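Chain by chain, the residues:
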Amino acid sequence: MSGDPTLERIARGDGLALCAAGSWTARFAPVLERMVADAEKLGGTRPSISIDVSQVSKLDTFGAWLIERLRRSLTHGGVEAQIAGLSANYSSLVDEVRRVKAEPIVETDRLTITGMLEQIGRAVAGIGGTLIGLIDMLGAVLTAAAHVLIRPRHFRLTSTIHHLEQVCWRAVPIVVLITFLIGCIISQQGIFHFRKFGADIFVVDMLGVLVLREIGVLLVAIMVAGRSGSAYTAELGSMKMREEIDALRTMGFDPIEVLILPRMLALVLALPILAFLGAMAALYGGGLVAWLYGGVEPEAFLLRLRDAISIDHFIVGLIKAPVMAAVIGIVACVEGLAVQGSAESLGQHTTSSVVKGIFFVIVMDGVFAIFFASIGM
């Protein structure tokens with residue numbers, strides 16, 4: 001015998017026997033895959049099919065899985081399928097493979113109204129679960145903060161300063177650069193269009209209000225969500241995968257107090273600082289372009305800016321910043337603690353953290369816009 005694998009079909013009354021022989025190992029994977037795929041098409045042709053493996057000379061995990069896959073496929077086809085002639089040397093291997101749970105067969109070919117409604121329902125339930133998770137995390141963080149206020153010795157100052165450096169100090173260059181460029185673009189576009197009406201100077205009004213109230217803090221919050229929010233999720237997710245969070249609980253430490261509270265506090269302190277620096281950079285960039293491109297002298301720019309904006313615009317932006325920071329931090333920590341034990345799960349939750357963080361930041365900006373408009377600010 002050459003040792004090449006074979007799978008013969010022998011009729012036995014109303015039933016059918018599939019006689020396997022030769023070497024069923026990973027070395028002959030392409031041949032075995034084709035033979036098993038052809039045999040799987042026999043489902044429903046006979047009431048019973050026996051898979052005879054008494055003539056199999058060599059069997060590894062790959063071959064055992066193909067035999068078990070064939071048996072499951074025939075069983076799903078309405079056939080009474082069983083494995084016969086299994087030697088004592090390979091019975092334990094086949095038993096181990098049989099313990100592997102089969103994935104449920106999901107039909108995706110047909111698109112029905114019921115299926116669409118089910119998907120919508122699951123999506124709505126997922127939104128509700130997300131909101132409950134965020135509220136739960138907010139409550140846990142507030143509880144940990146109250147515990148630290150009662151017992152200040154439990155506050156982790158070193159960790160907070162470390163995260164403040166990572167979130168705030170190291171983010172200054174990119175935040176200042178991006179907001180500077182955005183200020184330049186807003187100013188250039190405003191001058192280009194206002195010039196048609198001979199109202200070049202009004203670009204200062206637009207730039208001041210947009211940067212201080214909306215664009216400045218919103219743009220910085222989006223950058224922080226993409227930079228620091230994803231980092232929080234990846235860090236906590238990696239700890240979850242390595243069971244470091246469970247180890248903290250075993251040692252009697254509260255993971256919320258040790259890991260999440262310093263990160264949240266650093267983010268809440270950092271975002272107003274970054275929003276202020278970003279607003280100043282955007283105004284400087286807008287003023288520079290207004291001078292070089294629009295011919296608006298710096299003295300005229302500053303005088304017009306002082307008349308166009310008030311302290312209320314500055315206060316509105318700074319009030320938004322810590323709230324947005326808290327939202328970003330809560331979303332990032334919830335997604336980080338939801339990571340399972342695989343790299344794929346870590347990537348999915350990191351992506352979800354950025355997407356959800358940006359979404360909730362924009363939602364909160366809209367809520368603040370309605371609120372401040374209603375109170376006359």
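Source: prediction; values computed, not measured.

Asker: How do you make sense of the overall build of the chain when you look at a structure like this?
Answerer: Per the secondary structure count, the chain includes 12 helices and four strands. Here the C-alpha atoms of the chain give a radius of gyration of 32 Å, more than 25% beyond the 21 Å that 2.2 N^0.38 yields for 377 residues. Summarising its shape, the C-alpha atoms of the chain cover approximately 100 × 60 × 40 Å along the three principal directions. Sequence separation of 24 or more characterises 80% of the internal contacts of the chain that already satisfy a separation of 6 or more. Entry remark: accessible area of the chain is about 20800 Å², with carbon and sulfur atoms responsible for 64%. Separation between the mean location of the 31 positive side-chain charges and that of the 34 negative ones in the chain comes to 2 Å.

Asker: Would you take a moment to explain the sheet that holds strand E3 (residues 48–59) for this structure?
Answerer: Each strand in a sheet pairs with another by means of backbone hydrogen bonds, the pair being arranged parallel or else antiparallel. Ordered by their spatial adjacency, four strands build an open sheet running E1-E2-E3-E4, and the pairing between neighbours is mixed. Here the strands that pair on one side only, and so sit at the sheet edges, are strand E1 (6–12) and strand E4 (80–84). Taken over all neighbouring pairs, the strand axes of this sheet differ in orientation by 20 degrees on average, direction set aside. Each of E1 and strand E2 (15–24) is contacted by helix H1 (residues 29–40), which is oriented at about 25 degrees to E1, the strand it contacts most. Across the sheet, helix H2 (residues 61–76) touches E1, E2, E3 and E4, and the angle it forms with E3 is around 175 degrees.

Asker: So what exactly am I meant to see when it comes to the pattern of salt bridges here?
Answerer: Pairing between side chains becomes possible if they bear opposite charge and their charged atoms approach one another. Applying the stated criterion across every chain, the model contains 14 salt bridges. Between Arg122 and Glu118 there is a salt bridge, and its shortest N-O distance comes to 3.0 Å. With a gap of four residues between them, Arg122 and Glu118 both fall in helix H4 (residues 113–150), about one helical turn apart. When its relative accessible area of 43% is taken as the criterion, Glu118 is described as partly exposed. In this structure, the salt-bridge partner of Glu335 is Lys356, at a minimum N-O distance of 2.9 Å. Of this pair, Glu335 sits in helix H11 (residues 311–337) while Lys356 sits in helix H12 (residues 343–374); the two residues are 21 residues apart in sequence, bridging distant segments of the chain. Judged by its relative accessible area of 7%, Glu335 falls in the buried class. The class for Lys356 is partly exposed, based on a relative accessible area of 24%.

Asker: Quick question: what am I supposed to make of the UniProt feature "transmembrane region" (unreviewed entry) in the chain here?
Answerer: Here the UniProt-annotated "transmembrane region" (unreviewed entry) positions come out as residues 123–150, 170–187, 199–225, 264–293, 314–338 and 358–376. Between the first and last C-alpha atoms of residues 199–225 the distance is 37 Å; the span itself is 85% helix and 0% strand. Secondary structure content for residues 314–338 is 96% helix and 0% strand, and the end C-alpha separation is 37 Å.

Asker: How should I be thinking about H4 in this particular structure?
Answerer: In an α-helix, one turn spans 3.6 residues; hence positions three or four apart end up facing the same way. With 38 residues, H4 extends 56 Å from end C-alpha to end C-alpha; this agrees with the ideal 56 Å at 1.5 Å per step. Turning to H4, its buried residues are Leu134, Met137, Val141, Ala144 and Val148. Against helix H9 (255–292), H11 and H12 lie the buried residues of H4.

Asker: Sorry if this is basic, but what is going on with the packing of aromatic side chains here?
Answerer: The way to describe two aromatic rings as a pair is by their centre distance and the angle between their planes. For the structure on display, the rule yields five aromatic pairs. Considering the side-chain rings of Phe180 and Tyr284, the 6.2 Å spacing of their centres and the 35 degrees angle between planes classify their relative orientation as tilted. Here Tyr284 lies in helix H9 and Phe180 lies in helix H6 (residues 172–194), a separation of 104 residues in the sequence. On the basis of relative accessible area, Phe180 is assigned to the partly exposed category, the value being 22%.

Asker: I would appreciate a short explanation of the pairing of E1 in the present structure.
Answerer: Regular strands place their side chains on alternate faces of the sheet. One ladder, built from seven bridges, connects E1 with E2; its direction is antiparallel. From the neighbouring strand, Arg9 faces E2, where its bridge partner is Leu18. Following E1, the chain reverses through two residues before pairing antiparallel with E2; Gly13 in that reversal takes a positive phi of roughly 65 degrees.

The rules behind each value
Each residue is numbered by its place in its chain's sequence as written, counting from 1. Where totals are concerned, whole chains, interfaces and linings use all residues; where local detail is concerned, this predicted model gives features only for residues with pLDDT of at least 70, and gives and counts side-chain atom pairs only at 80 or more. Computation of side-chain values: all heavy atoms of the structure, hydrogens and water removed. Segments assigned H or I by DSSP are reported as helices when at least four residues long, segments assigned E as strands when at least two residues long, and all are numbered from the N terminus. Values of the radius of gyration come from C-alpha atoms, whereas the globule rule sets the reference at 2.2 Å times the count of residues to the power 0.38. We call two residues contacting when some pair of their heavy atoms lies within 4.5 Å. Method for areas: the Shrake-Rupley scheme with a 1.4 Å probe, in which residue coverage is limited to the protein chains shown. Positive charges come from Lys and Arg alone, negative charges from Asp and Glu alone, with His and the N- and C-terminal ends not counted. In plain terms, the charge of a residue is placed at NZ if it is Lys, CZ if Arg, CG if Asp and CD if Glu. At least two DSSP bridges between two strands are required for those strands to pair. Axis angles are defined between N-to-C directions and span 0 to 180 degrees, where every axis is a line fitted to C-alpha atoms and, for a helix, only to the segment in contact. By definition, a salt bridge exists where a carboxyl oxygen of Asp or Glu is found within 4 Å of a side-chain nitrogen of Lys or Arg. Accessible area is worked out with a 1.4 Å probe on protein chains only. A residue is then buried under 20% of its type maximum, exposed over 50%, and partly exposed in between. UniProt positions are given in the numbering used here, feature names are shortened, and annotations may be inferred rather than shown by experiment. One less than the number of residues in a helix, times 1.5 Å, gives the span that helix is expected to have. Stacked, edge-to-face and tilted are the three classes for Phe, Tyr and Trp ring pairs, Trp counted by its six-membered ring, which pair at centre distances within 6.5 Å; planes under 30 degrees apart are stacked, over 60 edge-to-face, the rest tilted.

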